[in-house]
Amino acid sequence: MDKWICVICGYIYDEALGMPEHGIAPGTRFSELPDGWVCPECGSPKESFEIYAG
């Protein structure tokens, strides 16, 4: 499982944790998020995320 970071605001999406409070189950891969999904912090599109190496 990977982590993805929003290059705009620094929000980290952790695939292992998902976002249950937003209906995204733990274990949901970033690639499986809907095309219209946006960063919950700043509203940036998926294209604003990159793999988090930290």
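In this text the structure is predicted, and so the values were computed from the model without any measurement.

Asker: Would you explain the pattern of salt bridges in this entry?
Answerer: Considering all chains together, one arrives at 2 salt bridges under this definition. Of the charged contacts, one joins K3 and D14 as a salt bridge, the two residues approaching to 4.0 Å between their closest N and O atoms. Of this pair, K3 sits in strand β1 (residues 3–6) while D14 sits in strand β2 (residues 12–14), and the two are 11 residues apart along the sequence. By relative accessible area, which is 17% here, D14 ends up buried. Residue R29 pairs with E15 through a salt bridge whose shortest N-O separation is 3.1 Å. Taken together, the residues span a long stretch of sequence, with R29 in the loop between β2 and β3 (49–51) and E15 in the loop between β2 and β3 at a distance of 14 residues. Taking relative accessible area as the criterion, E15 reaches 3% and is therefore assigned buried.

Asker: Help me understand the sheet that holds β2, please; the structure alone is not making it clear to me.
Answerer: Paired through their backbone hydrogen bonds, the strands of a sheet run either parallel or antiparallel. Read across the sheet, 3 strands follow the order β2-β1-β3 without closing on themselves; strand pairing throughout is antiparallel. The open sheet has two edge strands, β2 and β3, and neither has a second partner. Neighbour-to-neighbour, the strand axes of the sheet open up by a mean angle of 30 degrees, direction not taken into account. In the sheet, β1 pairs with β2 via 3 bridges, with the strands oriented antiparallel. By the bridge assignment, K3 is partnered in β2 with D14.

Here is what the cut-offs are and how they apply
Residues numbered from 1 in each chain as written. Predicted model: local features only at pLDDT ≥ 70, side-chain atom pairs only at ≥ 80, totals over all residues. Heavy atoms only, no water. Salt bridge = Lys/Arg side-chain N within 4 Å of Asp/Glu carboxyl O. Helix = DSSP H or I, 4+ residues; strand = E, 2+ residues; numbered from the N terminus. Buried < 20%, exposed > 50% of the residue type's maximum accessible area, 1.4 Å probe, protein only. Pairing = 2+ DSSP bridges. Axes fitted to C-alpha atoms, helices over the stretch in contact; angles between N-to-C directions.

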